[in-house]
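# Coordinates in review
Okay, here's what each chain looks like letter by letter:
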Amino acid sequence: RSAWDPQIWTHSFLFLASVVAGANGLYDLCTLLALTTPLSTLYHFDFEKPGPIAKIEGLMAKLMFVYGVLQLAKAPSTMLLVIELLFLVATLIIFTGTNLCKEYYDPWHCLMHVVPAFWAMIVACHHTPLIAI
């Protein structure tokens with residue numbers, strides 16, 4: 001894939017979320033994003049081939065999702081809880097839809113680099129870390 005392919009350039013949103021998390025002291029989230037983003041980029045750059053990178057990236061992405069779910073319990077307001085729940089639902093819909101319907105993967109999976117990134121940015125701006133690093 002080229003750098004201009006949406007499966008590649010949309011990782012910039014995850015990179016930005018990592019910067020926001022680090023700047024706001026959520027080093028646990030920053031670390032998860034800093035590890036997941038390059039692995040995911042490499043995975044997509046090579047057209048989603050199975051292998052060690054795919055397995056590690058998949059595990060890291062799932063850990064990020066669990067991190068977001070755990071942060072729901074620490075939502076500082078009902079409004080933020082609702083917003084974060086909407087990001088959770090959108091993430092689940094995109095993940096499930098693009099994995100069950102393979103024809104949707106290429107045009108829509110790139111949203112898995114955007115929607116969770118915005119969810120992470122909201123967490124990074126309004127939450128405290130789950131793990132103090």
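As shown above, the structure is provided for reference.
So, here's what we can say about the structure. Since we're looking at a predicted model, the values are computed, not measured.

### A short note on unusual backbone geometry
A negative phi angle characterises most non-glycine residues, just as the trans form characterises most peptide bonds. Non-glycine residue F47 carries a positive phi angle of around 60°. Structurally, the position occupied by F47 is in the loop between α3 (27–45) and α4 (52–72). A positive phi angle, close to 55°, is found at E48, a residue other than glycine. Structurally, E48 is set in the loop between α3 and α4.

### Details of a nonpolar patch on the surface
Together, Y27, V66, L70, L130, I131 and I133 make up an exposed nonpolar region whose accessible area comes to about 580 Å². One can find I133 in the segment after α7 (115–126). Take I133: its relative accessible area is 66%, and that puts it in the exposed class.

### Some remarks on the side chain of S40
Within the secondary structure, S40 is located in helix α3. Dropping the residues within four chain positions of it, S40 is found in contact with H11, E57 and H113.

Conventions adopted
Residues numbered from 1 in each chain as written. Predicted model: local features only at pLDDT ≥ 70, side-chain atom pairs only at ≥ 80, totals over all residues. Heavy atoms only, no water. Helix = DSSP H or I, 4+ residues; strand = E, 2+ residues; numbered from the N terminus. Patch = residues over 30% accessible without salt bridge, like charges linked within 9 Å, V, L, I, M, F, W, Y side chains within 5 Å. Areas by Shrake-Rupley, 256 points an atom, 1.4 Å probe, with all protein chains shown as cover. Salt bridge = Lys/Arg side-chain N within 4 Å of Asp/Glu carboxyl O. Buried < 20%, exposed > 50% of the residue type's maximum accessible area, 1.4 Å probe, protein only. Contact = heavy atoms within 4.5 Å.

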